[in-house]
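Examining the three-dimensional arrangement
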Amino acid sequence: MNYNKEILENSEIKYVVDADSSAWQNAIREAYNKTKHKFNIEGFRKGKAPMSVITRMYGVGVFFDDALDIILSSLYTELLQKETELKPVARPQVDIVAISDTELKVAFIVTVAPEFTLGEYKGIKLAKVKKDVTEEMITEEITKAQEKAGAWENVTDRPCEKFDTVIIDYSGSVDGVKFAGGTAEKQNLELGSGMFIPGFEEQVEGMSIGDEKDINVKFPEEYGAEDLAGKDAVFAVKLHEIKKKVLPEINDDFAKDVSEFDSLEEYKADIKAKLQKTLEDNAKREMENALLDKIAENTEIKIPDAMIEEQIEEMIQEFEYRIAYQGLKIEDYYKYTNSSRDELRLRYNEQAQKNVKMELILNAIIKAENIKAEESEIESKIADFAKGANKSVEEFKATMRIEQANYIEREIVINKVIDFLMANNKFA
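To start, this report covers the structure provided alongside it. (Residues numbered from 1 in each chain as written. Predicted model: local features only at pLDDT ≥ 70, side-chain atom pairs only at ≥ 80, totals over all residues. Heavy atoms only, no water.)

**What to know about the pattern of salt bridges**
Across all of its chains, the model carries 26 salt bridges by this definition. One salt bridge connects Asp-132 with Lys-130, and the closest N-O pair in it is separated by 3.1 Å. Judged by its relative accessible area of 45%, Asp-132 is partly exposed. Classification of Lys-130 by relative accessible area gives exposed; the value is 63%. We note a salt bridge from Asp-281 to Lys-277, for which the minimum N-O separation is 2.8 Å. One end of the pair, Asp-281, and the other, Lys-277, are both in helix 7 (residues 264-297), 4 residues apart, so they sit about a helical turn from each other. Here the salt bridges share partners, and the residues they tie into one network are Glu-309, Glu-313, Glu-320, Arg-341 and Arg-345. (Salt bridge = Lys/Arg side-chain N within 4 Å of Asp/Glu carboxyl O. Buried < 20%, exposed > 50% of the residue type's maximum accessible area, 1.4 Å probe, protein only. Helix = DSSP H or I, 4+ residues; strand = E, 2+ residues; numbered from the N terminus.)

**A word on the nonpolar core**
Of all hydrophobic cores here, the largest spans 44 residues; its most connected members are Ile-295 and Leu-421. Breaking this core down by element, the ones donating at least two residues are helix 7, helix 8 (305-325), helix 9 (330-336), helix 10 (341-368), helix 11 (375-388) and helix 13 (402-423). The residues contacting Ile-295, other than those within four sequence positions of it, are Glu-120, Tyr-121, Ile-124, Ile-361, Ile-365 and Leu-421. (Core = buried A, V, L, I, M, F, W, Y, C linked by side-chain atoms within 4.5 Å. Contact = heavy atoms within 4.5 Å.)

**Quick notes on the packing of helix 7 against helix 13**
Packing of helix 7 against helix 13 leaves a shortest axis separation of 11 Å and a crossing angle of 85°. As judged from the angle between their axes, helix 7 and helix 13 are roughly perpendicular. Across the interface between the two elements, Lys-284, Met-287, Glu-288, Leu-291, Leu-292 and Ile-295 of helix 7 pack against Ile-418, Asp-419, Leu-421 and Met-422 of helix 13. Residues that form the contact of helix 7 with helix 13 fall into these classes: 7 nonpolar, no polar and 3 charged. (Axes fitted to C-alpha atoms, helices over the stretch in contact; angles between N-to-C directions. Parallel < 35°, antiparallel > 145°, perpendicular 65-115°, else oblique. Nonpolar A, V, L, I, M, F, W, Y, C, P; charged D, E, K, R; others polar.)

**Comments concerning a nonpolar patch on the surface**
Side chains of Met-57, Tyr-58 and Val-62 sit close together on the surface and give an oily, nonpolar patch of about 290 Å² of accessible area. Along the chain, the position of Val-62 falls in the loop between helix 2 (51-58) and helix 3 (64-82). (Patch = residues over 30% accessible without salt bridge, like charges linked within 9 Å, V, L, I, M, F, W, Y side chains within 5 Å. Areas by Shrake-Rupley, 256 points an atom, 1.4 Å probe, with all protein chains shown as cover.)

**Describing the packing of aromatic side chains**
If you walk through the whole model with that rule in mind, you get 20 aromatic pairs. When the centroid spacing of 5.3 Å and the interplanar angle of 40° are considered together, the rings of Tyr-76 and Phe-108 count as tilted. On the criterion of sequence distance, the pair formed by Tyr-76 in helix 3 and Phe-108 in strand 4 (residues 104-111) is long-range, its members being 32 residues apart. The class of Tyr-76 is buried, set by a relative accessible area of 15%. (Phe/Tyr/Trp six-rings, centres within 6.5 Å; stacked < 30°, edge-to-face > 60°.)

**Considering the environment of Ser-173**
Structurally, Ser-173 is set in strand 7 (residues 165-174). Separated by 101 residues in sequence, Ser-173 and Leu-72 place their C-alpha atoms 65 Å apart. Contact partners of Ser-173, with chain neighbours within four places excluded, come to Lys-178, Phe-179, Asp-232, Ala-233 and Val-234.

**Some points on the side chain of Asp-169**
By secondary structure assignment, the location of Asp-169 is in strand 7. Salt bridges are absent for the buried Asp-169, whose nearest opposite-charge side chain, Lys-186, sits at 5.9 Å. Within polar-contact distance, the side chain of Asp-169 engages the side chain of His-240 at 2.7 Å. Apart from the residues lying within four places of it in its own chain, the contact partners of Asp-169 are Ala-184, Glu-185, Lys-186, Ala-236, Val-237, Lys-238 and His-240. (Lys, Arg positive; Asp, Glu negative; His and termini not counted. Polar contact = N/O pair within 3.5 Å; in protein donor to acceptor, adjacent residues only side chain to side chain.)

Right, here's the structure in full:
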């Protein structure tokens, strides 16, 4: 393989590669073997026609697309092996310069990280973020625990009220005709939850056990079922049970039931300590983000479009994975939200630019300050991962992929550079 190199603008390098003629002809032969079953040639059983017969009928170019699929990856890999200093940051653009049955000349346009001068990243002064726990926060946490510890009790001596849970039958109709999904038996409904059509729950309030009542409501104009949107409806309702939530008294016994502590004061102190830790962690993250934003503001970088496109694609793939994990097809998501992949790309564009810029800046600081992951740090992190996977360190290492090893080392280095930046800038 021979090639020549040309430095382009926008952090791109163009490599024009001449493939070895024998390698290209072997790729064409491999493409023939891969696709010959697709050709119906008179006088030959399907898939048995010689290559010379097929090329006489269709031309040798009939195999070029498949041959390119076969050879391009190996050509690019060989180029990277020869250009040991080359560090691509995105997939290359590929252009075919010349092609025949004996010649293949390909241009790989490779994007590399842009050169830039780091702006000020040490000695920056920013406002300190300080947050303290309030009594309202502690009360809110205790109230949540009280709600969770509450028990539902049957009510038989009064009509139902807001915040009660009732068990009802209902049957809905529009213009006297029942509609799909409008009928249910022994349905639980918490009054005041807003789970039903506006106006429904308020009209149930005041009903007693055994009562039957027609409830008149109007479906919202933006209701999901178009055939019901904006329509007046009548629901025949029968009430079977009323339940109210009885909350425990907040005292030492309550603290014993919901925590590991013997007194309410100890329980409150623990809540305060945990809340304070959360607030301090959040404040630290806010200061880190503010510092990184300031460092990014101090540094000018002309980012190649290919790097931004690569980042956008990663963000979209991650989003699609999350959607699939929730059991929803991405095509259905676009349909339900009246959006598209192109709109998602536009939405992610600004954040992708920020992500790429910050990664470039952090990499430059890591290099400038010679920040590295020590072997002991890597081993300690691997031990943490192994423990999380319920494996021994040896078992975890045996199944660890190169991507995992790179991730572990990168995480250590990023944490160290953030710590370095926090230590070398001032917050007051």
